[in-house]
Amino acid sequence: MLQTAKYLLILLCLCTGNKAFSQCCTSGNPFISDAEQPALQSRILTASLNYRYSHSGKYYSEDSRFTELPFQEIAYSNYTELQVGYGITNWLTALTDIGYFVNKTLQTPGVDSYKGYGIGDLGLYAKFNAYSNSRLRLTISPTVGVKFPVGVFDQELENVQLPISVQPSAGSYRYLANLFISKGFGKVALAGFASYEYSQLIESENFYYKYGDQWVAALYFNYRPWKRFTIDLQVRNEYRTKSTRENDDIIESSGYDVVFFTPQVTYAFKHDWYLSAYGDIPLHKYCNGIQLSFGYAVSVRVTKKIDFIALMARKKSAGPNGSETK
């Protein structure tokens, strides 16, 4: 009887959004892995459309699987994101992205599923070409940016408040700075990426909440075995400190330290079209308290690149009938 009451209490905590148990995954746009992140050259435009499916279903307490729950809870989402970048000058690139959740679902046996959907956050960034040496094939590109909570937050379905973990938008302004360094060696390139993100306090109708600070560090290995085919291998560490709520109370079941392995393949088509496919595989997970941990994610990205300087040069060299002049 006592054991049954314990399980019912756990289920109640999970279904009412009590932070005694939580999710490693936060609301807002997920981290989109991109193995090609240097600043763009002047008057080059790139536009990418991403699709990402993520799935998780295992609770963790610290670095161990937590198996005392008498049910299987599952979280999954279908997410799309549009990314656009433009090289304003050879040293400054403007970037933006906006996300949309087709669904962000949390399923718990015995109760109705929580399902959030809608527009996520809008990001605006300035990327700088701090150093570029074509002979050494070395680039250093720092970035600063802001993520705006323009999307859906405080979402309710049938007068039921959705947990913060399935809200499409993060609900707060987030400020970030990162650094990308790349060095080429023949057909191989090595790169490093480091990022820091700070979130403002959320004060909304249903939430008084502040996400912990997030640090991301990644190492990339890039290999091009053929002219149009590229393989990227990435190891990425995501670390987030604990969140807080009213009266600066620390939410013990929040914050995490996760290491991902992300393989990616990219094929370059004619006319500067690119198709990429990649997946996030967690290698190590540490969750404070008891949390539904990160699972796997698979993504597909289509990218179009336009070099306006080269485009104008081709037009100028073309004759009256559209053929190139001699």
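The structure this text deals with has already been given above.
On a predicted model such as this, the values are computed, not experimentally measured, just so you know. (Residues numbered from 1 in each chain as written. Predicted model: local features only at pLDDT ≥ 70, side-chain atom pairs only at ≥ 80, totals over all residues. Heavy atoms only, no water.)

**Some details on the overall build of the protein chain**
Filter applied, for reference: Helix and strand definitions here come from DSSP, where helices need a minimum of 4 consecutive H or I residues and strands a minimum of 2 consecutive E residues; each element is numbered from the N-terminal end. Burial status follows relative accessibility: with a 1.4 Å probe on protein chains alone, a residue under 20% of its type maximum counts as buried, one over 50% as exposed, and anything between as partly exposed. Two residues form a contact once any of their heavy atoms are found within 4.5 Å. With residues, only the protein chains shown are counted as cover, and all accessible areas are computed by Shrake-Rupley using a 1.4 Å probe.
When its secondary structure is counted, the protein chain shows 2 helices and 20 strands. Taken across its 326 residues, the protein chain has 44% of its residues classed as buried. Sequence-distant contacts, at least 24 apart, represent 64% of the contacts inside the protein chain between residues at least 6 apart. A total accessible area of about 16,900 Å² is found for the protein chain, and carbon and sulfur atoms account for 60% of it.

**With respect to the pattern of salt bridges**
The line we're drawing: Salt bridge, as used here: a side-chain nitrogen of Lys or Arg that lies within 4 Å of a carboxyl oxygen of Asp or Glu.
A complete count under the given rule lists 9 salt bridges for this structure. The salt bridge involving Lys147 is made with Glu197; its shortest N-O contact spans 3.3 Å. Placement of Lys147 in strand β9 (residues 138-148) and of Glu197 in strand β13 (residues 188-199) is noted, with a sequence separation of 50 residues between them. This pair shows no difference in class: Lys147 is buried, exactly as Glu197 is. A salt bridge links Arg236 to Glu238, with the nearest nitrogen and oxygen atoms 2.9 Å apart. Owing to a relative accessible area of 1%, Arg236 belongs among the buried residues under this scheme. Each of Asp121, Lys147, Arg174, Glu197 and Arg240 takes part in salt bridges that share partners, so that together they form one network.

**Some details on the packing of aromatic side chains**
Defined as follows: When two rings of Phe, Tyr or Trp (its six-membered ring) have centres within 6.5 Å they constitute a pair, described as stacked for plane angles under 30 degrees, edge-to-face for angles over 60, and tilted for the intermediate range. Two limits define a charge over a ring: the Lys NZ or Arg CZ must be within 6 Å of the ring centre, and within 35 degrees of the ring normal.
Considering all chains together, one arrives at 13 aromatic pairs under this definition. In this structure, Lys104 is placed above the aromatic ring of Phe101, and the distance from its NZ or CZ to the ring centre is 4.6 Å. A cation over a ring is seen here: Lys183 above Phe185, with NZ or CZ 4.3 Å from the ring centre.

**So, the side chain of Asn78**
Our working definition: For this analysis, a polar contact is any N or O atom pair within 3.5 Å, provided that within protein one partner can donate a hydrogen and the other can accept it, and provided that sequence-adjacent residues contribute only side-chain to side-chain pairs.
Checked against the element boundaries, Asn78 lands in strand β5 (residues 74-87). Separated by 2.7 Å, the side chains of Asn78 and Asn103 make a polar contact. If sequence neighbours within four positions are ignored, Asn78 has contacts with Tyr51, Arg52, Tyr53, Tyr100, Phe101, Val102 and Asn103.

**Digging into the pairing of strand β20 (residues 296-307)**
Spelled out, the test is: If DSSP finds at least two bridges between two strands, the strands pair.
Bridging between strand β2 (residues 44-56) and β20 involves 12 bridges; their strand directions are antiparallel. Within the sheet, the bridge partner assigned to Ser48 lies in β20 and is Thr303. Pairing between strand β19 (residues 273-292) and β20: 8 bridges, direction antiparallel. Counterpart to Gly279 in the pairing with β20 is Val298.

**Details of the nonpolar core**
Heads up, the condition is: Only buried residues count toward a nonpolar core, which is a set of Ala, Val, Leu, Ile, Met, Phe, Trp, Tyr and Cys residues joined through side-chain atoms within 4.5 Å.
Ranked by size, the top nonpolar core spans 11 residues in total: Tyr59, Phe66, Leu69, Phe71, Ala75, Leu106, Tyr114, Leu162, Val166, Ile290 and Leu292. Excluding residues that lie within four positions of it along the chain, Val166 makes contacts with Lys104, Thr105, Leu106, Tyr114 and Gly116. By size, the runner-up hydrophobic cluster in this structure holds 8 residues, among which are Phe153, Ile164, Ile202 and Ile251.

**Details of the pairing of strand β18 (residues 256-269)**
Only one face of β18 is covered, namely the one carrying Tyr256, Val258, Phe260, Thr262, Gln264, Thr266 and Ala268; the face carrying Asp257, Val259, Phe261, Pro263, Val265, Tyr267 and Phe269 has none of its residues buried. The sheet contact formed by strand β17 (residues 229-240) and β18 spans 12 bridges and is antiparallel. When the sheet's bridge partners are listed, Arg236 is paired in β18 with Phe260. Both β18 and β19 contribute to a ladder of 12 bridges, which runs antiparallel. Paired with Phe269 across the strands is Trp273, a residue of β19. If you look at the hairpin formed by β18 and β19, you'll find 3 residues sitting between the two strands, and His271 has a positive phi there, around 65°.

**Observations concerning unusual backbone geometry**
Keep in mind that most residues, glycine aside, have a negative phi and that most peptide bonds are trans. For Glu62, which is not glycine, the phi dihedral falls at a positive 60°. Within the secondary structure, Glu62 is located in strand β3 (residues 59-62).

**What to know about a nonpolar patch on the surface**
Rules: Patches were defined on residues exceeding 30% relative accessible area and lacking a salt bridge, with like-charge contacts within 9 Å and nonpolar side-chain contacts (Val, Leu, Ile, Met, Phe, Trp, Tyr) within 5 Å.
A surface patch of nonpolar side chains, amounting to about 690 Å² of accessible area, comprises Leu49, Leu82, Ile98, Tyr100, Val102, Tyr117, Ile119 and Val150. Ranked by residues supplied to the nonpolar patch, first place goes to strand β6 (residues 92-107) with 3 residues. Note that Tyr100 resides in strand β6.

**A look at the environment of Val166**
Within the fold, Val166 resides in the loop between β11 (160-161) and β12 (174-185). Expressed as a C-alpha distance, the spacing of Val166 and Gly28, which sit 138 residues apart in the sequence, is 8.7 Å.

**Remarks on the side chain of Lys104**
What counts is decided by this rule: As used throughout, the charge tally considers Lys and Arg to be positive and Asp and Glu to be negative, leaving His and the chain termini uncounted.
Its location among the elements puts Lys104 in strand β6. One buried charged residue, Lys104, remains without a salt bridge, the closest side chain of opposite sign being Asp121 at 8.2 Å. For Lys104, the side chain forms a polar contact with the main-chain oxygen of Ser165, separated by 3.5 Å.

**Overview of the environment of Ile74**
Tracing the backbone through its elements, the reader meets Ile74 in strand β5. Between the alpha carbons of Ile74 and Thr105 there is a distance of 8.1 Å; along the sequence they are 31 residues apart. Setting aside chain neighbours within four positions, we find Ile74 in contact with His55, Ser56, Gly57, Thr105, Leu106 and Gln107.

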